[in-house]
Amino acid sequence: MEVVLAIAIGLLTGSGVWLVLRPRTFQLVIGLSLLSYAVNLFVFSIGSLAIDKEPILVDGVTPNLTNYTDPVPQALVLTAIVIGFAMTALLLVVALASRGMTGTDHVDGTEP
Amino acid sequence: MPHLAVAPVLLPMLCAGVMILLAEHRRPLKLVIGAASTLLGVLISLALLLWVDSHGPATYLVGNWPVPFGIALAVDRLSASMLLLTWVLGGAALLFGSARWHRAGVYFPALFQLQLMGLSGAFLTADIFNLFVFFEILLAASYGLLLHGSGESRVRASVRYVAMNVVASSVFLIGVSTIYGVTGTLNMAELAARLSGPSVANRHLIDAGAAVLAVAFLIKAAAWPLNFWLTPAYRAATPPAAAIFAVLTKVGVYALVRLWNLLFADGPLAGFGADGLFAFGLGTALLAAFGMLASHRIDVQVSWSVIVSAGTLVAALGTREEVVLGGALFYLVPSTVASCAAFLLADLIERWEAGATVVEDAPFLTAKLEEADDVNLDDDAAPLVGRPIPASTALLGFAYLGCALLIAGFPPLPTFLGKAAMLSAAIGPAAQDRVAGTRAAIFASVVLCCGLLALIALMRSGIRTFWSGGGRQPPVIRAAEAVPIVALLGLCSVLTVAAGPTMRLAHTAARSLHDRQEYIEAVLRANVTTSPAPPKGLEQAPR
């Protein structure tokens, strides 16, 4: 499972960075989305991966990380998802405004 | 008293909430609320500063959760000074904006309060992830302020500014989660306590996490080569927004100073990354000084000067000398105040050059936002000999002179005192050690060279604006526009007169940052407030 997740994060980051470096605003927005997916997966995986272990305490089970999964990364990733989503939406609006005002979708606002 | 620490976050949040509910045409009321909030914020920050200076750091537990589990706000001398600086500059920028810029778009006062809220939170928090959240709040508000007034140049600058900062936020998250994964804590004080033990497991991962985090902070602090977003954004922003953005780069510097001193001042990880900070800081300062020399517009030169001061501060942190850091913290205050005043002044000068004689009719977006072509100074230099200078021209001229000398660091102005404190501390102990001596020599020559280049660049602009611009009408300036600039420059002269106590405060702040124990103990020993026993008769009713 670790290998699959690591490959997924790597692929998302690689594609995201490549798209962020492209000159069109649409590519930029998609690239930033992929990058934030990769970061979210990374934050989620940092509390070690576990199957069938929820972070809710049950009577009679010792509360440590062998019986439960770490709840903090789940809380962090939730915050990060919300913030990342809002920022991407804002960037999309700014990109649309830029397209309307400059007549081009180049990130510099002028065709090279 | 520690409860007051949460006020700089709550106050602007509540005011912004009220402002959003008010209709757009009730602008005067919104401005009054904003002014009251900002004045109150200045007083709260001053009270906090005086309190922590005599009593040591204070901690406020948000939601009354015990320390490693909940979020803690901690205020020490550095945080309180940064808070005071933020709120004072906020007040000046808001007053300037109330003259006319607040009418350029919607929600200006509310966005401004949210900006102050994000800045205050970032200076107060003692939790790395909470620092990320407050960074996002201040960035979200800064996107709104940058777009205030709209127009093609602002939207174009915003695309790059937003994209750059979203990337920086992703980098920030990677760093935070790496550090959490290795150490299992997000609280800065607990992190410092865990890393100061005799041996640290997985130190390479901590190094990697800290380095990634430093990249995020250096993007905010506009360190080379990640600073090309700054000048177009600050030039396009409306002047009151640009004035408050002068503090924004200092947030990156603050975060670096805070974390690097807590994590790497001592213990097995001591000194990690200091050489990198030193080299990149000096490179940033030098390149930004050349940037000032290469630009013709005053606001662009001021934007570059913000980067010069950020670079100098990062380099001072990289020297790892406590006394140099003390000088740098003193230098931070007047250099930020000077760039804030200069951003405001640049707007008045631009309006004057554009020939606007009626303040109301002045356009919110002039054609001059495009980079001007080179002009030959001799062609249109009309002599001004024998012509009386109207008071408003004199005001602009003297204010410009003050800003330029402050940015360049001339005696007896406080920026000079800060530079002198940094350089004498860097050169002093270095006489015996050859490596340290070379470093100090490089540091001193770069800082002095930056001052010279800044002086040349600003004097050239000044000559072109004030001495060769004959035949213009005297500028029309409102009191609300003149007062903040004069007040900020007056504040700098107060800093010169009161340099002794202020310098002592800066050095005490640097010593307690370097020592760390005071901060760590204040945060880790913060007690949860137990709820008082319910009075008789109000106990839980039996079911």
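The structure displayed is predicted, hence computed values, not measured ones.

Turning next to the overall build of chain A. Broken down by element type, chain A carries 3 helices and 0 strands. Scanning chain A from its N terminus toward the C terminus, one meets helices and strands in the order α-α-α. Its C-alpha atoms put chain A at 65 × 25 × 15 Å along the principal axes. Counting the 112 residues in chain A, one finds 27% classified as buried. When contacts within chain A are restricted to residue pairs at least 6 apart in sequence, those whose partners lie at least 24 apart make up 54%.

Looking only at helices and strands, chain B features 19 helices and 2 strands. For a compact globule of 543 residues, the expected C-alpha radius of gyration is about 24 Å, and chain B comes in at 24 Å, within 12% of that figure. With the C-alpha coordinates aligned to their principal axes, the bounding extent of chain B is approximately 85 × 70 × 40 Å. Across the 543 residues of chain B, 55% fall into the buried class. Sequence-distant contacts, at least 24 apart, represent 83% of the contacts inside chain B between residues at least 6 apart.

With that out of the way, let us pick up helix H8 (residues 203-220) of chain B. Residues and elements named next belong to chain B. Its 18 residues place the ends of H8 26 Å apart at the C-alpha level, agreeing with the 26 Å of an ideal helix rising 1.5 Å per residue. Within the sequence span of H8, burial applies to Ile 206, Gly 209, Ala 210, Leu 213, Ala 214, Ala 216, Phe 217, Leu 218, Ile 219 and Lys 220. Close packing links the buried residues of H8 with helix H6 (152-183), helix H7 (188-195), helix H10 (239-264) and helix H11 (274-294). Just downstream of H8 lies Ala 222, where phi reads positive at about 60 degrees.

Residues and elements named next belong to chain B. The biggest cluster of nonpolar side chains holds 220 residues, and the ones touching the most others in it are Leu 89, Ala 243, Leu 256, Val 314, Cys 340, Ala 341 and Leu 345. Among the elements that make up this core, the one with the highest residue count is helix H13 (residues 322-353) (20 residues). Discounting chain neighbours no more than four positions away, the residues touching Val 314 are Ala 221, Ala 223, Val 253, Leu 256, Leu 277, Phe 280, Gly 281 and Thr 284.

Our focus in this paragraph is the environment of Leu 14 of chain B. In this structure, Leu 14 of chain B sits in helix H1 (residues 7-21). Judged by C-beta crowding, with 14 C-beta atoms within 10 Å, Leu 14 of chain B ranks as partly exposed.

With that settled, consider the pairing of strand S2 (residues 72-75) of chain B. Regular strands place side chains that alternate from one sheet face to the opposite one. Residues and elements named next belong to chain B. Along S2, one buried face is formed by Ala 72 and Ala 74 and the opposite face, lined by Leu 73 and Val 75, is buried too. Pairing between strand S1 (residues 58-61) and S2: 4 bridges, direction antiparallel. Residue pairing for S2: Leu 61 is matched across the bridge by Ala 72.

Residue and element names in this part refer to chain B. A cis amide bond links Trp 224 with the next residue in sequence, Pro 225, at an omega value of 0 degrees. That bond from Pro 411 to Pro 412 is cis: its omega, 5 degrees, falls within 30 degrees of zero. Backbone geometry at Ala 222 places phi at a positive 60 degrees, although glycine is not the residue there. Relative to the helices and strands, Ala 222 resides in the loop between H8 and helix H9 (230-236). Phi is positive for Arg 516, which is not a glycine, with a value near 65 degrees. Within the secondary structure layout, Arg 516 lies in the loop between helix H18 (499-515) and helix H19 (517-524).

Attention now moves to the environment of Leu 262 of chain B. All names here are of chain B. Mapped onto the fold, Leu 262 is located in helix H10. Classification of Leu 262 as buried rests on a count of 21 C-beta atoms within 10 Å. Sequence separation between Leu 262 and Pro 12 is 250 residues, and the spatial gap between their C-alpha atoms is 29 Å. Residues within four places of Leu 262 in sequence aside, it is in contact with Met 188, Ala 192 and Arg 516.

Bringing the confidence of the model for chain A into the picture now. Looking at chain A, the pLDDT average stands at 89 and 100% of residues meet or exceed 70. The least confident element of chain A is helix H3 (residues 71-102) of chain A, whose mean pLDDT is 91; the most confident is helix H1 (residues 2-20) of chain A, at 94.

We now examine the packing of helix H4 (residues 108-124) of chain B against H10 of chain B. Residue and element names in this part refer to chain B. Orientation of H4 relative to H10, taken along the N-to-C sense of each, is 20 degrees, at an axis distance of 11 Å. The orientation of H4 relative to H10 falls into the category roughly parallel. For the pair H4 and H10, the sense of crossing is left-handed. Taken together, the residues of H10 that come into contact with H4 (itself represented by Gln 115, Leu 119, Ala 122 and Phe 123) are Ile 244, Val 247, Val 251 and Tyr 254.

Below, the discussion takes up the interface of chain A and chain B. Counting from both sides, the interface comprises 26 residues of chain A and, opposite them, 20 residues of chain B. Among the elements that make up the side of chain A that touches chain B, the one with the highest residue count is H3 of chain A (14 residues). Tallied by class, the residues present in the side of chain A that touches chain B amount to 20 nonpolar, 6 polar and no charged.

Before going further, it helps to spend a moment on H3 of chain A. Counting along an α-helix, one turn takes 3.6 residues, and residues three or four places apart therefore face a common direction. Residues and elements named next belong to chain A. In this model, H3 (32 residues) spans 46 Å end to end at C-alpha, consistent with the 46 Å of a helix rising 1.5 Å per residue. Listed as buried for H3 are Pro 73, Leu 76, Val 77, Ala 80, Ile 83, Gly 84, Met 87, Leu 91, Val 94, Ala 95 and Ser 98. With its phi angle positive at about 75 degrees, Gly 103 sits one or two positions after the end of H3.

Take the confidence of the model for chain B next. Residues and elements named next belong to chain B. Overall, the predicted model of chain B reaches an average pLDDT of 86, with 91% of residues at or above 70. Below a pLDDT of 50 lies the segment residues 367-387, which in the model reaches 15 contacts outside its immediate sequence neighbourhood of four places, other chains included. Model confidence for the complex: the whole-complex pTM is 0.90, and ipTM, which rates the interface, is 0.94.

For Val 159 of chain B, the position within the fold is in helix H6. Between the C-alpha atoms of Val 159 of chain B and Trp 229 of chain B, which are 70 residues apart in sequence, the distance is 9.9 Å. Setting aside anything within four residues of it in sequence, one finds Val 159 of chain B in contact with Thr 25, Val 94, Ala 95, Ser 98 and Val 107 of chain A.

What follows covers the packing of H13 of chain B against helix H14 (residues 391-408) of chain B. Residue and element names in this part refer to chain B. The contact between H13 and H14 brings their axes to 9 Å, and the two run at 145 degrees. The hand of the H13/H14 crossing is left-handed. For the pair H13 and H14, contact is made by Pro 334, Ala 338, Ser 339, Ala 341, Ala 342, Leu 345, Leu 348, Ile 349 and Trp 352 and by Leu 396, Ala 399, Tyr 400, Cys 403, Leu 406 and Ile 407, respectively. Of the residues that constitute the contact of H13 with H14, the class distribution is 14 nonpolar, 1 polar and no charged.

Each value, and the rule that gives it
- Residues numbered from 1 in each chain as written.
- Chains lettered and ligands numbered in written order.
- Predicted model: local features only at pLDDT ≥ 70, side-chain atom pairs only at ≥ 80, totals over all residues.
- Helix = DSSP H or I, 4+ residues; strand = E, 2+ residues; numbered from the N terminus.
- Buried ≥ 20, exposed ≤ 12 C-beta atoms within 10 Å, placed from the backbone.
- Contact = placed C-beta atoms within 7 Å.
- Rg over C-alpha atoms; globule rule 2.2 N^0.38 Å.
- Expected span 1.5 Å × (residues − 1).
- Core = buried A, V, L, I, M, F, W, Y, C linked by C-beta atoms within 7 Å.
- Pairing = 2+ DSSP bridges.
- pLDDT = per-residue confidence, 0-100.
- Axes fitted to C-alpha atoms, helices over the stretch in contact; angles between N-to-C directions.
- Parallel < 35°, antiparallel > 145°, perpendicular 65-115°, else oblique.
- Left-handed = near helix turned anticlockwise from the far one by under 90°.
- Nonpolar A, V, L, I, M, F, W, Y, C, P; charged D, E, K, R; others polar.

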